[in-house]
Amino acid sequence: QVQLVESGGGLVQPGGSLRLSCAASGSILSIYDMGWYRQAPGKQRELVAAITSGGSTSYADSVKDRFTISRDNAKITVYLQMNSLKPEDTAVYYCNADLLVGGIEIPNDYWGQGTQVTVSS
């Protein structure tokens, strides 16, 4: 069974920083794209940042130049460094990973349980 466990969320003042981590565990044979999504109350889940297996990154326009996504393949972990946080960044943040798992022939999407980020004074 595969698990993605996020950590690092919390309450931060506007202008502050947080670093989210998401560690995957289980019978993982290969790791492909990884990413972070977020969902604010009453809104659809949106892609925040993504990183390919080769390290190429992409970001939502709303977080460019403030957030940085990175990964450690040896630890099967993806990170999201969030700087200059704004109240509109408040949401539940979910990690996502495209993984090839033992016993399954093709890669599938896996999700973490979510971590709350609240930006407020």
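Note that the coordinates shown come from a computational prediction; the quantities given were computed from them, not determined experimentally.

**Student:** Just to check I follow, could you spell out unusual backbone geometry for this structure?
**Tutor:** Peptide bonds are, in most cases, trans, and in most cases residues other than glycine have a negative phi. Positive phi, normally seen in glycine, also occurs at Asp 65, with a value near 70°. Secondary-structure assignment places Asp 65 in the loop between strand E6 (57-59) and strand E7 (67-72). At Ser 84, a residue that is not glycine, the phi angle is positive and equals roughly 50°. The exposure class assigned to Ser 84 is partly exposed, which follows from its relative accessible area of 40%.

**Student:** Looking at this structure, how should I read the state of the cysteines?
**Tutor:** The term disulfide refers to a covalent linkage connecting the sulfur atoms of a pair of cysteines. If you walk through the whole model with that rule in mind, you get 1 disulfide. One disulfide bridge connects Cys 22 with Cys 95, the sulfur atoms lying 1.9 Å from each other. Linking Cys 22 in strand E3 (residues 18-25) with Cys 95 in strand E9 (residues 91-101), this pair joins segments that are 73 residues apart in sequence. The class for Cys 95 is buried, based on a relative accessible area of 0%.

**Student:** Before we go on, may I ask you to explain the side chain of Arg 66 in this structure?
**Tutor:** By the element assignment, Arg 66 lies in the loop between E6 and E7. According to the relative accessible area criterion, Arg 66 is buried, its value standing at 9%. Of note is the side chain of Arg 66, whose polar atom sits 3.0 Å from the backbone oxygen of Ser 84. Only 2.8 Å separates the side chain of Arg 66 from the side chain of Asp 89, close enough to count as a polar contact. When residues no more than four places from it in sequence are discounted, the contact partners of Arg 66 are Gln 81, Met 82, Asn 83, Ser 84, Leu 85, Lys 86 and Asp 89.

Calculation rules
- Residues numbered from 1 in each chain as written.
- Predicted model: local features only at pLDDT ≥ 70, side-chain atom pairs only at ≥ 80, totals over all residues.
- Heavy atoms only, no water.
- Helix = DSSP H or I, 4+ residues; strand = E, 2+ residues; numbered from the N terminus.
- Buried < 20%, exposed > 50% of the residue type's maximum accessible area, 1.4 Å probe, protein only.
- Disulfide = S-S within 2.5 Å.
- Polar contact = N/O pair within 3.5 Å; in protein donor to acceptor, adjacent residues only side chain to side chain.
- Contact = heavy atoms within 4.5 Å.

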